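Residue strings, one per chain:
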Amino acid sequence: MKFESKFNHGDFVYTICYKDKYKEIPNGCKTCNGSGKVEISGDIFKCPRCKGYIEREKDSIEWYVSNSGKIGKIEITSYLNGNSYNKSGVNYMIDSTGIGSGTVYNEKNIFTSRKEAEKECIKRTEQQIEN
Ligand SMILES: [Zn+2]
């Protein structure tokens, strides 16, 4: 069995990840028009009728360039049952977010230029790709 990593120790890379974006569901409150807040003499208060309770639901995801740094750890994981846990593959740790303990980045979320990383973020956000 032979493994190859796309990046090497010391390579300066940009990492991307995504966050969930939520939208507010109008709560139907007549006092605050569903905003959960009321304004009295220029001050903002929690609505006394609905107690400011606003439900949120996941609307979409947004990819962004999360970090950059030099690769300091390369880890190859291979499961007998292939990619069943989506954890197989080459993972990296970079100096700015910790080596040994810290954030682990999968190879598919690492790029050698910020431009390339930003381009991929736009593409994945448009297509709502979660991985
Ligand atoms: Zn209200």
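In short, a report on the structure.

Thresholds, definitions, all that
- Residues numbered from 1 in each chain as written.
- Predicted model: local features only at pLDDT ≥ 70, side-chain atom pairs only at ≥ 80, totals over all residues.
- Pairing = 2+ DSSP bridges.
- Helix = DSSP H or I, 4+ residues; strand = E, 2+ residues; numbered from the N terminus.
- Contact = placed C-beta atoms within 7 Å.
- Axes fitted to C-alpha atoms, helices over the stretch in contact; angles between N-to-C directions.
- Expected span 1.5 Å × (residues − 1).

**Some points on the sheet that holds strand S4 (residues 55-77)**
Backbone hydrogen bonds hold the strands of a sheet together, and the pairing may be parallel or antiparallel. Reading across from one edge, S6-S5-S4-S1-S7 is the order of the five strands in this open sheet, with antiparallel pairing throughout. Where the open sheet ends on each side, the last strands, each with one partner, are strand S6 (105-106) and strand S7 (110-111). Two strands pair when backbone bridges link them, and strand S1 (residues 12-25) and S7 are joined in this way by two bridges, in the antiparallel orientation. Counted as the bridge partner of Tyr14 is Phe111 from S7. Across the sheet, helix H1 (residues 114-127) touches S1, S4 and S7, and the angle it forms with S4 is around 145 degrees.

**Here's the deal with the environment of Tyr14**
Note that Tyr14 resides in strand S1. Taking the C-alpha atoms as reference, Tyr14 lies 8.9 Å from Glu116; in sequence the two are 102 residues apart. Not counting chain neighbours up to four residues away, the residues in contact with Tyr14 comprise Val65, Ser68, Phe111, Ser113, Arg114 and Ala117.

**A few points about H1**
Along its 14 residues, H1 runs 20 Å from first to last C-alpha, staying within 8% of the 20 Å computed at 1.5 Å per residue. Taken from the residues just after H1, Gln128 is the one with a positive phi, measuring 55 degrees.

**A word on the pairing of strand S3 (residues 43-46)**
As paired elements, strand S2 (residues 37-40) and S3 share four bridges and run antiparallel to each other. When the bridges of S3 are listed, Lys37 appears paired with Lys46. The loop that links S2 with its antiparallel partner S3 comprises two residues; one of these, Ser41, has a positive phi angle of about 50 degrees.

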